[in-house]
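Descriptive structure summary
Each chain is listed here by its residues.
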Amino acid sequence: MPNAPGTVPPPRHPPAHLALGFLVGGVAGASLTALVSGFVVGVTPLVVTGLVLPALSGLLFFLVTRPRVAREAAEVPRTALAAIEDLEASRGEASDVPVRFELSVAPDGAAPFRVEIRQDVHLSELPGYRPRGVVVVEYPPERPWKTRIVRRPTPRWEERAAVARVDPAPGPVLRHEVPGGCLGSLLPLLGLLIGAAVVLLLFRADLFGSPGDDGTPGRSLSSLSTDPGTR
């Protein structure tokens, strides 16, 4: 039997998410720099690098995350009743409004837990959600912080929700969020700069080459910047 959701906080791996952001920024910086520089100076290896690097990175990411995605897709969600402890709707122009819900979930045969979620609700359905109202929810047993309100429950669960009373669940409130702060925003930018610098360093001979043996300027960024015909 899995651990009670109320005693298992959502797993947070800031180093993994920060590293992923850094790597994505690095790949983007390296590929863009390679493509632009390769087309400008006519260096085929740079163009190939700029095209192949994102494809290889995407393939590697797919292979690494595939087992986890398949495992989560095979997980059968659990249905339960929940009481709305608090809700806050955000203003929006679309027909679906983002709403923050704080729910007390009471699964059958398992410990109750408190969770905060964000879910879009149609404007016409918004009046039906009110504090202490009972709704039907679904959640993966091993990831209760991914609870979702069932908008069209089965008649059996709809009847149960209409007559049920759900007591407030004890805290802490589960939230699905990955802390990162300013560091999470700066690392992708740092990776972008480092990726660009690595490409410029590895291909510096092609990009900033010296004049050829016959005395004619080589086709490089430095020669292009000083060639009157390129201005």
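Refer to the preceding data block for the structure.
Residues numbered from 1 in each chain as written. Predicted model: local features only at pLDDT ≥ 70, side-chain atom pairs only at ≥ 80, totals over all residues. Heavy atoms only, no water.

This brings us to the packing of aromatic side chains. For the structure shown, the criterion picks out two aromatic pairs. For the ring pair Phe113 and Tyr139, a centre distance of 5.2 Å and an interplane angle of 80° mean the geometry is edge-to-face. In this pair, Phe113 is assigned in strand S3 (residues 113–122) and Tyr139 in strand S4 (residues 134–139), connecting sequence segments 26 residues apart. Take Phe113 and Tyr139: they sit in the same class, and that class is buried. Taking the ring centre of Trp157 as reference, the NZ or CZ of Arg156 above it sits at 5.2 Å. (Phe/Tyr/Trp six-rings, centres within 6.5 Å; stacked < 30°, edge-to-face > 60°. Helix = DSSP H or I, 4+ residues; strand = E, 2+ residues; numbered from the N terminus. Buried < 20%, exposed > 50% of the residue type's maximum accessible area, 1.4 Å probe, protein only. Lys NZ or Arg CZ within 6 Å of the ring centre and 35° of its normal.)

By the criterion of burial, strand S2 (residues 96–106) is predominantly enclosed, with eight of the 11 residues buried. In this sheet, S2 lies alongside strand S1 (residues 78–89) in antiparallel orientation, the contact comprising eight bridges. Across the sheet, residue Leu87 finds its bridge partner in S2, namely Phe101. In this structure, S2 lies alongside S3, joined through 10 bridges in antiparallel fashion. Bridging across to S3, Asp96 finds its partner in His122. Here S2 hands over to S3 after six residues, with Gly109 in that stretch at a positive phi of 75°. (Pairing = 2+ DSSP bridges.)

Taken in spatial order, the six strands make up an open sheet running S5-S4-S1-S2-S3-S6, and their pairing is mixed. Of all the strands in the sheet, just strand S5 (148–149) and strand S6 (173–175) have a single pairing partner and so form its edges. The sheet contact formed by S1 and S4 spans six bridges and is antiparallel. In the sheet register, Leu81 faces S4, and the bridge partner there is Val136.

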